Amino acid sequence: ARALRVLGLESSCDDTAAAIVSSDGQIISETVRHQHQVHEAYGGIVPGLAADHHLRNMPLVVRETLEKAGMGMADVDAVAVTRGPGLPGSLAVGVAAGKTLAAVHLKPLVGVHHMEAHALMARMGAEDAVRFPYVCLLISGGHTLSLVVHGVNEHTLLGATRDDSVGEAFDKVARELAIPWIDAEDGGGAGPALEALARDGDPARFALPLPMEKSDSARSLDFSFSGLKTRIRRMREQGAFSAACRQDQADLAAAFQHAAAEHLQRKTRRALAHAAAEMGVAATCLVASGGVASNHAVRAALARLADRHGLPLVCPPPRLCTDNGVMVAWAGVERLRCGLLDPYTIDFIQRWPL
Ligand code: KG4
Ligand code: ZN
């Protein structure tokens, strides 16, 4: 039988994205419209503005995706759309577009959980290598969590951040250190700039205490990053370093990056141990996804951990770690194979636990 072709739509936050993916793991076409410039001036995402821009961009993004593929809706076998979790106004645009396209063209509709899409992305075209069950770490500006992926539509959340996401922490620490942002198409934010500076730094000069190492919180599978940021702010206020001195900047960047990578590694080690001992999960690999998974120090720490457990570390390429349409289309493929279809009446789900 010919491979299935699924159109996937994503609009849960501030990126409008669409892609057509085939069930043999090929990306036929993909389009993303970011809204960074829209929200930058406000210092955060403005939900009403995000919805306006999705409303304007979604038809163009779908049109462009079909054109690049040289396809019409008749060539698409199903429509997948992110149902949640996310911003209600943003989700509503994607869900309305997806339902309408599917209903008008009489195509199967698949509502997708945004986190499941991130977690299944690593399997696209690699289902033999990334077999269920596996442990997945999602580390970006929007997410910091670990989960067991037992199968399609079957996951267990292990741990999540109690405060800031790890990407937010990188961004806020970069601000404390007055490190300018790098404007990169894939995986923007201040993280890459901080990483570059940390290369010239000595992580031992301003060694920072690791978060959550006291007895009760050390056992938790959750993460915490706001303490590191607050500590660096206090050090700056007390004059322990100068953000105008490049060596101070570099040494603190290295210290923060080391602490963040070590905290992620320790909590992931606990997550792997918990999955094995308490849940009887024999993980086939460790998957790390999200913008922060492209950080070399983080990746090296996770690779060492995976190695000690005899597991491969799998990281999707950066542009497929960020919010994108490919992951939604691929999750659609996986759900279709399991017969998980949805009626044309589905609504978005703002808060949707895994
Ligand atoms: O996955 P992502 O591109 O977007 C969402 O959060 O949705 O993640 C962006 C986050 C930003 O906070 C950025 O600073 C961080 O990931 N990031 C990095 C690196 N590249 C991106 N953090 C540390 N090191 C990096 N190389
Ligand atoms: Zn996401």
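Residues numbered from 1 in each chain as written. Chains lettered and ligands numbered in written order. Predicted model: local features only at pLDDT ≥ 70, side-chain atom pairs only at ≥ 80, totals over all residues.

A. Geometry of the overall build of the protein chain. Tallying secondary structure elements over the protein chain gives 12 helices and 10 strands in all. The globule rule puts the C-alpha radius of gyration for 354 residues at 20 Å, and the 21 Å found for the protein chain is close to it. Based on the C-alpha atoms only, the size of the protein chain along its principal axes is roughly 65 × 50 × 30 Å. Considering the protein chain as a whole, with its 354 residues, one finds that 48% of them fall into the buried category. Considering only residue pairs separated by 6 or more positions, the protein chain has 74% of its internal contacts joining residues 24 or more positions apart. (Helix = DSSP H or I, 4+ residues; strand = E, 2+ residues; numbered from the N terminus. Rg over C-alpha atoms; globule rule 2.2 N^0.38 Å. Buried ≥ 20, exposed ≤ 12 C-beta atoms within 10 Å, placed from the backbone. Contact = placed C-beta atoms within 7 Å.)

B. Broad picture of helix α6 (residues 191-198). Most of α6 is tucked away: six of the eight residues are buried. For α6, the set of buried residues is Gly191, Ala193, Leu194, Glu195, Leu197 and Ala198.

C. A look at the site of ligand 1. Taken together, 20 residues are adjacent to ligand 1, and Gly141, Gly167, Gly189, Gly191 and Gly291 come closest. Broken down by secondary-structure element, the contributors of at least two residues to the shell around ligand 1 are α5 (166-176) and α6. Considered class by class, the residues forming the shell around ligand 1 number five nonpolar, 12 polar and three charged. (Near = placed C-beta within 6 Å. Nonpolar A, V, L, I, M, F, W, Y, C, P; charged D, E, K, R; others polar.)

D. Structural detail: the sheet that holds strand β7 (residues 144-151). Spatial strand order, β8-β7-β6-β9-β10: five strands in an open sheet with mixed pairing. Among the strands making up the open sheet, the edge pair consists of β8 (154-160) and β10 (313-314). Inspection of the sheet shows strand β6 (residues 134-139) paired to β7 by six bridges, in the antiparallel sense. Its bridge partner being in β7, leucine 138 is matched across the sheet by leucine 145. (Pairing = 2+ DSSP bridges.)

E. Just the pairing of strand β2 (residues 16-22), in detail. Counting buried residues in β2 gives six out of seven residues, a clear majority hidden from the surface. In this structure, β2 lies alongside strand β3 (residues 27-33), joined through six bridges in antiparallel fashion. Bridge assignment links threonine 16 to a residue of β3, and that residue is arginine 33. Between β2 and β3, which pair antiparallel in sequence order, lie four residues; one of them, glycine 25, sits at a positive phi of approximately 90 degrees.

F. Representation of the domain arrangement of the protein chain within the structure. In terms of domain boundaries, the protein chain breaks down into domain 1 (5-126 + 320-337) and domain 2 (134-311). In this structure, domain 1 and domain 2 have C-alpha centres spaced 28 Å apart. Each side of the interface is counted separately: domain 1 has 12 residues, and domain 2 has 17 residues. Elements represented by at least two residues in the side of domain 1 that touches domain 2 include exactly α4 (114-120) and α12 (325-337). (Domains from an automatic or database assignment.)

G. A look at the nonpolar core. Counting residues in each nonpolar core, the largest one holds 101 residues, and the members touching the most others are Ala80, Leu194, Ala329 and Trp330. The dominant element in this core, judged by the number of residues it contributes, is helix α9 (residues 246-279), at 13 residues. Residues from two domains meet in this core; each of domain 1 (5-126 + 320-337) and domain 2 (134-311) gives at least three. (Core = buried A, V, L, I, M, F, W, Y, C linked by C-beta atoms within 7 Å.)

H. The arrangement of the confidence of the model for the protein chain in detail. Looking at the protein chain as a whole, its pLDDT mean stands at 95, while 98% of the residues score no less than 70. Mean pLDDT across the secondary structure elements of the protein chain bottoms out at helix α1 (residues 36-40), with 84, and peaks at strand β1 (residues 5-10), with 99. Prediction confidence for the complex, expressed as pTM and ipTM, is 0.95 and 0.98 respectively. (pLDDT = per-residue confidence, 0-100.)

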